[in-house]
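Listed here are the chains, written in short residue letters.
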Amino acid sequence: MGLIRLVLLLLLVFAAITLWKRFKLWQQQRNTSQDSEQPALMVRCAHCRVHLPADQAFPGNGRHYCCPEHRDADQQP
Ligand SMILES: [Zn+2]
């Protein structure tokens, strides 16, 4: 009887560890998918009016530009 209890206890511990690992993995996957689903902030080029993510834009004159050429072209008189 003692051996059966020991085996059952081991199985229970193993199942708990497996469930815990799966839960952590699921939580990790959910967090990463939430990050990737977050929409990037879009800004408009003040020169050609094309939309692009803010982290790829070139700032200048308090505006955003799609490339350094457009920034320079817009700053010339
Ligand atoms: Zn542009």
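Note that this is a predicted model, so its numbers are computed, not measured. (Residues numbered from 1 in each chain as written. Predicted model: local features only at pLDDT ≥ 70, side-chain atom pairs only at ≥ 80, totals over all residues.)

Visitor: Can you walk me through the overall build of the protein chain in this structure?
Guide: For the protein chain, the helix and strand inventory stands at two helices and four strands. A globule of 77 residues ought to have a C-alpha radius of gyration of about 11 Å, yet the protein chain, at 28 Å, is considerably larger. Projected onto its principal axes, the C-alpha positions of the protein chain cover 95 × 15 × 15 Å. Within the protein chain, the proportion of its 77 residues that are buried is 6%. A fraction of 9% describes how many contacts in the protein chain between residues 6 or more apart in sequence connect residues 24 or more apart. (Helix = DSSP H or I, 4+ residues; strand = E, 2+ residues; numbered from the N terminus. Rg over C-alpha atoms; globule rule 2.2 N^0.38 Å. Buried ≥ 20, exposed ≤ 12 C-beta atoms within 10 Å, placed from the backbone. Contact = placed C-beta atoms within 7 Å.)

Visitor: How should I be thinking about the domain arrangement of the protein chain in this particular structure?
Guide: The extent of an interface is frequently quoted as the accessible surface area lost upon association of the parts. Under the domain assignment used here, the protein chain contains domain 1 (1-38) and domain 2 (40-77). Each of domain 1 and domain 2 has a C-alpha centre, and the two are 49 Å apart. (Domains from an automatic or database assignment.)

Visitor: Help me out: how do you make sense of unusual backbone geometry in this one?
Guide: What you tend to see is this: most non-glycine residues have negative phi, and most peptide bonds are trans. With a phi close to 65 degrees, Arg49 is a non-glycine residue in the positive phi region. Along the chain, Arg49 turns up in the loop between strand E1 (42-44) and strand E2 (51-53). A count of 8 C-beta atoms within 10 Å places Arg49 in the exposed class. Not every positive phi belongs to a glycine, and Asn61 is a case in point at roughly 60 degrees. Structurally, the position occupied by Asn61 is in the loop between strand E3 (58-60) and strand E4 (63-65). For Asn61, a count of 10 C-beta atoms within 10 Å gives the class exposed.

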